Structure formats: C-alpha cells, structure tokens
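# Commentary on secondary and tertiary structure
Spelled out from the first residue to the last, the chains are:
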Amino acid sequence: MVSQCPGAINIRMPRLEVKNCPKCGEEIEIVSNESSAKCSKCGSVIYNDLLSCVEWCEYAKECVGEKTYEKIMQELSKRKQEEH
Ligand SMILES: [Zn+2]
C-alpha cells in the first residue's frame with residue numbers, strides 16, 4: 001500500500017481553493033485537481049501548484065491512477081511549452 005502524499009489527496013479528493021489573481025487581486029476559485037483557472041476579471045491564468053508533485057513523485061501513477069496521471073502530465077507539458 002502506497003502512502004498518500006499531500007498532493008495526491010488534493011487530486012483524489014478535489015476541493016475548491018480560492019487564490020488571488022497576481023495581476024488584479026481578484027479572487028479566483030480553482031478546483032484542486034484542475035491544473036489552471038482563469039481570472040474572471042482580467043482573464044489572466046493562474047496555475048495550480050499542487051499538481052506538480054505528480055511530475056516528480058515516483059509513485060504518482062499508482063497514487064492518482066493512470067488516467068489522471070496521464071492527463072496531468074499532458075497539462076504540465078502543455079504549460080511548459082507556453083512558458084518558454
Ligand atoms: Zn485578474
């Protein structure tokens with residue numbers, strides 16, 4: 001039995017988080033298993049840092065499930081392309 005890391009709990013049991021937009025300070029609601037959310041006021045995109053544990057955790061696939069793992073890895077590589 002693999003013990004759960006804090007990041008995986010957020011992915012397996014999604015909960016709503018409220019973050020502040022870095023640009024305009026507006027509150028942005030982001031579900032913990034979503035990789036990004038858009039500010040309703042200025043449209044800037046914020047990213048969910050919780051998902052990044054999947055990237056380096058060697059148990060991530062077992063931890064969150066193969067389907068979720070692949071979805072997250074796809075989103076993460078997409079995000080990296082956007083950043084560069
Ligand atoms: Zn904003």
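All of the points below concern the structure found in this document. Bear in mind the structure is a predicted one, so any value in this text is a computation, not a measurement. (Residues numbered from 1 in each chain as written. Predicted model: local features only at pLDDT ≥ 70, side-chain atom pairs only at ≥ 80, totals over all residues. Heavy atoms only, no water.)

### Some details on the pattern of salt bridges
Per the stated rule, a full pass over the model turns up 3 salt bridges. Taking the shortest distance from any N to any O, the salt bridge between lysine 41 and glutamate 26 comes out at 3.9 Å. A residue pair is termed long-range when its members are at least 10 positions apart, and lysine 41 in the loop between β3 (36-38) and β4 (45-47) and glutamate 26 in the loop between β1 (16-20) and β2 (27-31) qualify at 15 residues. Among the residues examined, glutamate 26 registers a relative accessible area of 28% and is labelled partly exposed. (Salt bridge = Lys/Arg side-chain N within 4 Å of Asp/Glu carboxyl O. Helix = DSSP H or I, 4+ residues; strand = E, 2+ residues; numbered from the N terminus. Buried < 20%, exposed > 50% of the residue type's maximum accessible area, 1.4 Å probe, protein only.)

### Section: the coordination of the zinc ion
By definition of the ideal shapes, four donors in a tetrahedron about a metal sit 109.5 degrees apart, and six donors in an octahedron sit 90 or 180 degrees apart. Bound to the zinc ion on the protein side are Cys21 (SG), Cys24 (SG), Cys39 (SG) and Cys42 (SG), at distances that span 2.3 Å. Relative to the metal, the 4 donor atoms surrounding the zinc ion lie at angles of 104 to 115°, and the coordination shape comes out tetrahedral. Read in sequence order, the donor residues for the zinc ion give the motif C-x2-C-x14-C-x2-C. Placement of cysteine 24 in the loop between β1 and β2 and of cysteine 39 in the loop between β3 and β4 is noted, with a sequence separation of 15 residues between them. (Donors = N, O, S within 2.8 Å, 3.2 Å for Na, K, Ca; no water. Tetrahedral: all angles 85-135°; square planar, octahedral: opposite > 155°, others 65-115°.)

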